[in-house]
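# A structural walkthrough
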Amino acid sequence: MIDSSYFRDIISSLEKVLYYERGRGAYFRSTMVGTDFIDRKLIGGNTSEEVIENCVKEMRENNIVKDASYKKDKDGTLFTFEIENCMHLPIEAKLKEEGVPTYICPPINMILWKIGEIMDLAVEIADITVDQELGKCTIRVVVFKQD
Amino acid sequence: MDDLLRIIKTRRSIRRYKDQYIPDELLERIIEAGRWSPSGDNGQPWRFIIVRDPKTKKALGKIAAEGSGRRFTAEYFTGRMQERFEELKDPVKKDKAFKKLTSGEVSSFLADAPVIIVVCAKLDVWDVSYDAAMATQNMLLMAHALGLGTCVVVAPVSDMRDDIKVMKLLKIPYGYKIFAPVAIGYPDESPNPRPRLSLEAITFYEEFDRRRKNDR
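Every value quoted in this text rests on a predicted model; they were computed, and no experiment measured them.

Rules used throughout
- All residue numbers here refer to positions counted from 1 along the written sequence of the relevant chain.
- As they are written, the chains are lettered A onward and the ligands numbered 1 onward, keeping that order.
- Per-residue local features of the predicted model are confined to residues with pLDDT of at least 70, and side-chain atom pairs are confined, for both listing and counting, to 80 or more; whole-chain, interface and lining totals are unaffected and use all residues.
- Each residue gets a pLDDT score, which is the predictor's confidence in that residue and runs from 0 to 100.
- Numbering of helices and strands runs from the N terminus; a helix is a DSSP stretch of H or I covering at least four residues, while a strand is a stretch of E covering at least two.
- The contact criterion used here is simple: two residues whose C-beta atoms, placed from the backbone, lie within 7 Å are in contact.
- Put simply, a nonpolar core is a cluster of buried Ala, Val, Leu, Ile, Met, Phe, Trp, Tyr and Cys residues tied together by C-beta atoms within 7 Å.
- Counting other C-beta atoms within 10 Å of its own, a residue is labelled buried from 20 upward, exposed at 12 or fewer, and partly exposed in the gap between, with every C-beta atom placed from the backbone.
- Two strands are said to pair when DSSP picks up at least two bridges between them.
- Convention adopted: a line fitted to C-alpha atoms gives each axis, helices being fitted over their contacting stretch, and angles between N-to-C directions are expressed from 0 to 180 degrees.
- Given the number of residues in a helix, its expected span is that number minus one, multiplied by 1.5 Å.
- As used here, the arc belongs to the directions running from the helix axis to the C-beta atoms.
- An angle counts as roughly parallel when it lies under 35 degrees, as roughly antiparallel when it exceeds 145, as roughly perpendicular when it falls between 65 and 115, and as oblique in every other case.
- We call Asp, Glu, Lys and Arg charged. Ala, Val, Leu, Ile, Met, Phe, Trp, Tyr, Cys and Pro are nonpolar, and the rest, Gly among them, are polar.

## Details of the confidence of the model for chain A
Low-pLDDT portions of the prediction should not be read for the details of their coordinates. When the pLDDT values of chain A are averaged, the result is 95; 99% of them are 70 or greater. Confidence, expressed as mean pLDDT per element, reaches its minimum in chain A at helix α5 (residues 89-97) of chain A with 93 and its maximum at helix α6 (residues 106-119) of chain A with 98.

Structure representation (structure tokens):
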């Protein structure tokens, strides 16, 4: 069994390379990172809430995240997610040491990908905040009907 | 020499075009300017797709609008857009600007350009981004010198989710990538120049951030 730090180093190196090539635009090149995993699962739902719930269940069962919760603003467009103990946290810690901001969130990519696909809604990450001490990330996203 | 600098300095990003046909000869001159760009190992990775078909242009405009609309809606709902427009005091103008951005209208004009040249490049070279960018700039300058207006619209290809749609639409094969659709037409607007950083602010001597004494 290969030490997981090997994969952590490989992924963080690749993320760093992409960031130095594209700067902030690296985010836009990474919006599908993680979606292959969720595409292999049978995710359904009649509302965005159900899709989120089903995605989080898969991620929990596969130890990608310990848990994920969210709240919506009164307009119903801005969702604020809190993700606990995500398996990507150590990668982000390494990147932070090297001055690379967090620009990829695979768990949220998975959720948004499925909301877009199943509910035909427009989705976008607004920002990602990582708290390494608490082992928690806060991600704000917009979900809306595009004309 | 002054003529070249004048062409460089008077070029603008044009987003409104006259309904006027652009002859093939002019498009060939523009592509000829791209063809003579420098490239690593003389790899010449660029390929140019001239799009006139209204259906294809409409599809590109729609994808562009969706990409911009998503991005700017995220900025709006987090308040970042309001911060960016803090100095614009007129509430009507501000509201108009927000609507233009969040609806994606800021990029949908791509559909209305008489011609779109899509700059693509093969990836099996060492310096593909630089090569494609240099070719694009040569083309923008040539178009301007010919009296045409241009605007590089990356909105339909910057996000992977959109990029794959455009790759399919234009039948781009594996091993190639789209860099930028360039909208081209006779200008129907004459925007003022955007502010530029001063030479002193962007020029260092011998190492980063070292300036001449008098520039401080």
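Continuing now.
## Focus on the interface of chain A and chain B
Counting from both sides, the interface comprises 17 residues of chain A and, opposite them, 13 residues of chain B. At the level of elements, α2 (26-29), β3 (122-131) and β4 (136-144) of chain A are the ones that each hand at least two residues to the side of chain A that touches chain B. Here the side of chain A that touches chain B gets 5 residues from one element, more than from any other, and that element is β3(A).

## Thoughts on the nonpolar core
By size, the foremost hydrophobic cluster in this structure holds 41 residues, and its most contacted members are A:Cys55, A:Ile108, A:Ile125, A:Ile139 and A:Val141. Of all the elements in the fold, those that place two or more residues in this core are α2, α4 (48-61), β2 (78-84), α6, β3 and β4 of chain A together with α3 (54-77) of chain B. If sequence neighbours within four positions are ignored, A:Val141 has contacts with A:Phe79, A:Phe81, A:Ile108, A:Leu112, A:Val123, A:Glu124, A:Ile125 and A:Ala126.

## So, the sheet that holds strand β2 (residues 115-122) of chain B
Residue and element names in this part refer to chain B. The strand order across the open sheet built from 4 strands is β1-β2-β4-β3, with neighbouring strands paired in antiparallel fashion. Of all the strands in the sheet, just β1 (46-51) and β3 (149-152) have a single pairing partner and so form its edges. Neighbour to neighbour, the strand axes of the sheet diverge by 25° on average, direction disregarded. In the sheet, β1 pairs with β2 via 6 bridges, with the strands oriented antiparallel. Bridging across to β2, isoleucine 50 finds its partner in isoleucine 117. Along the sheet, helix α7 (residues 128-145) makes contact with β1, β2, β3 and β4 (176-185), crossing β2 at roughly 155°.

## Remarks on the environment of B:Ile116
All names here are of chain B. With respect to the helices and strands, isoleucine 116 occurs in strand β2. Accessibility expressed as a C-beta count within 10 Å gives 23 for isoleucine 116, which makes it buried. Expressed as a C-alpha distance, the spacing of isoleucine 116 and arginine 194, which sit 78 residues apart in the sequence, is 23 Å. If near-sequence neighbours (up to four positions away) are discounted, isoleucine 116 is found in contact with Val51, Lys57, Leu60, Leu110, Pro181, Val182 and Ala183.

## Some remarks on helix α1 (residues 4-22) of chain A
All names here are of chain A. If you check α1, its first and last C-alpha atoms are 27 Å apart, about what 19 residues at 1.5 Å a residue would give, namely 27 Å. The complete set of buried residues in α1 reads Ser12, Glu15 and Tyr19. Angular distribution of buried residues about the axis of α1 spans 60°; they occupy a single face of the element. Residues of α1 that are exposed and angled more than 90 degrees away from the buried face: Tyr6, Ile10, Leu14, Val17, Tyr20 and Glu21. In this structure, the buried side of α1 is in contact with α2 and α5. Downstream of α1 by one or two residues, glycine 23 has phi in the positive range, about 60°.

## Looking at the packing of α3(B) against helix α5 (residues 91-102) of chain B
Residues and elements named next belong to chain B. Running from amino to carboxyl end, α3 crosses α5 at an angle of 135°, the nearest separation of the two axes being 7 Å. Judged by the angle between their axes, α3 and α5 are oblique. Residue-level inspection shows Gly69, Phe72, Thr73 and Tyr76 of α3 in contact with α5, the latter providing Phe98, Leu101 and Thr102. Each residue belonging to the contact of α3 with α5 can be placed in one class, and the counts come to 4 nonpolar, 3 polar and no charged.

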